[in-house]
Amino acid sequence: MSAVLTALAAAVAVAVELLEAMAIVLAVGVSRRWYDAAWGALAGVAACGLLAVVLGPLLAGLPLDTLRLTIGALLLLFGLEWLRKGTLRLGGRRRRSSSTEEFDETIDELRESPSAHAGKADWAARLVAFKGVLLEGVEVVVIVAALAARPSGAAPAVAGAVAAALAVTAAGAWLRAPLSRLPETELKYGVGVLLTSFGLFFAGEGLRVDWPGGDLALLYLPAALAAASRLQILRLRDGEASA
């Protein structure tokens, strides 16, 4: 069960981050040149790959309890932020996530910068694509590296991440437009619940907490977090309606 949840958490986290990165790269390709969009995106992927090469062995070299505590802290760092933002968005207190808006904003940004002459490198476009991939990719690398560093093995996290990356990239290459129909806000909220649950579980294990039911905690922790956050969402919606 823990392997399935790990693969699911990695897959959805990678998918929602890649949706935003893909929207930026597509905007560069549509408004400028596809060659420059691909150049910037590949440079961003290379930078993220370098981070992964450094981070993976670093985590693997830690003592077991320290490793679990470090994994827990990293997952809580991202999970709590995603859960907070998802709760506020679903409660009507923040704008919903939208890769389509990211796409439109990037096109508007590029319109304000001069285009390169024919045959010349468009460094403004390359930089926008590079930053889009790098900023989203860093979160992907840290989350997947933390999930992959679990003592039980890296296979579920890597499999989930690769499957999501291939699916989102293929869809973007085929459509050449943002995947606007996906419920991005709900997906990010779900990732927040899962990552926070994994973070609590591994941090607890690092502190030698004996979770009731062992790995079953990976079922009741998400359920408890989802229930508590849904109550908060309802309160936020009620407050918004009465304001």
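### So, the layout of surface pockets
Of the volumes computed, that of the largest pocket is approximately 970 Å³. In terms of lining, the largest pocket is formed by 34 residues, of which the most central are Leu 18, Val 45, Val 133, Ala 165 and Thr 169. The set of elements that each furnish at least two residues to the lining of the largest pocket consists of α1 (2–31), α2 (34–60), α5 (123–148) and α6 (155–175). Examining the composition of the lining of the largest pocket, we find that ten residues originate from one element, α2, more than from any other. Split into classes, the residues belonging to the lining of the largest pocket amount to 27 nonpolar, five polar and two charged. What the second largest pocket holds in volume is close to 470 Å³. What lines the second largest pocket is a set of 19 residues, and nearest its centre among them are Glu 20, Lys 85, Arg 89, Ser 97 and Lys 188. Looking at the lining of the second largest pocket, the elements that each hand over two or more residues are α1, α3 (64–90), α4 (99–111) and α5. Of all the elements, α3 adds the most residues to the lining of the second largest pocket, at five residues. Within the lining of the second largest pocket, the residues separate by chemical class into two nonpolar, three polar and 14 charged.

### A closer look at a nonpolar patch on the surface
Residues Tyr 35, Trp 39 and Trp 123 make up a contiguous nonpolar surface patch of roughly 400 Å² in combined accessible area. Take Trp 39: it is sitting in helix α2.

### Quick look at helix α7 (residues 184–206)
With 23 residues, α7 should reach 33 Å at 1.5 Å per residue; the first-to-last C-alpha distance of 32 Å fits that figure. The element α7 is extensively covered by neighbouring structure, given that 18 of its 23 residues are classed as buried. Looking one or two residues past α7, Arg 208 carries a phi angle of roughly 65°, positive in sign.

### Here we look at the packing of aromatic side chains
If you walk through the whole model with that rule in mind, you get four aromatic pairs. With a centroid separation of 6.2 Å and an interplanar angle of 20°, the aromatic rings of Phe 201 and Trp 211 are classed as stacked. In this pair, Phe 201 sits in helix α7 while Trp 211 sits in the loop between α7 and α8 (217–242), placing the two residues ten residues apart along the sequence. A relative accessible area of 3% places Phe 201 in the buried class. Note on Trp 211: relative accessible area 19%, which makes it buried. In this structure, Arg 126 is placed above the aromatic ring of Trp 39, and the distance from its NZ or CZ to the ring centre is 4.5 Å. It is Arg 126 that lies over the ring of Trp 123; its NZ or CZ is 4.8 Å from the centre.

Conventions we followed
Residues numbered from 1 in each chain as written. Predicted model: local features only at pLDDT ≥ 70, side-chain atom pairs only at ≥ 80, totals over all residues. Heavy atoms only, no water. 1 Å grid on protein atoms, 1.4 Å probe; cavity = no way out; pocket = protein on both sides within 12 Å on 5 of 7 lines; lining within 4 Å. Points joined across faces, edges and corners; volume = space filled by probe spheres on them. Helix = DSSP H or I, 4+ residues; strand = E, 2+ residues; numbered from the N terminus. Nonpolar A, V, L, I, M, F, W, Y, C, P; charged D, E, K, R; others polar. Patch = residues over 30% accessible without salt bridge, like charges linked within 9 Å, V, L, I, M, F, W, Y side chains within 5 Å. Areas by Shrake-Rupley, 256 points an atom, 1.4 Å probe, with all protein chains shown as cover. Salt bridge = Lys/Arg side-chain N within 4 Å of Asp/Glu carboxyl O. Expected span 1.5 Å × (residues − 1). Buried < 20%, exposed > 50% of the residue type's maximum accessible area, 1.4 Å probe, protein only. Phe/Tyr/Trp six-rings, centres within 6.5 Å; stacked < 30°, edge-to-face > 60°. Lys NZ or Arg CZ within 6 Å of the ring centre and 35° of its normal.

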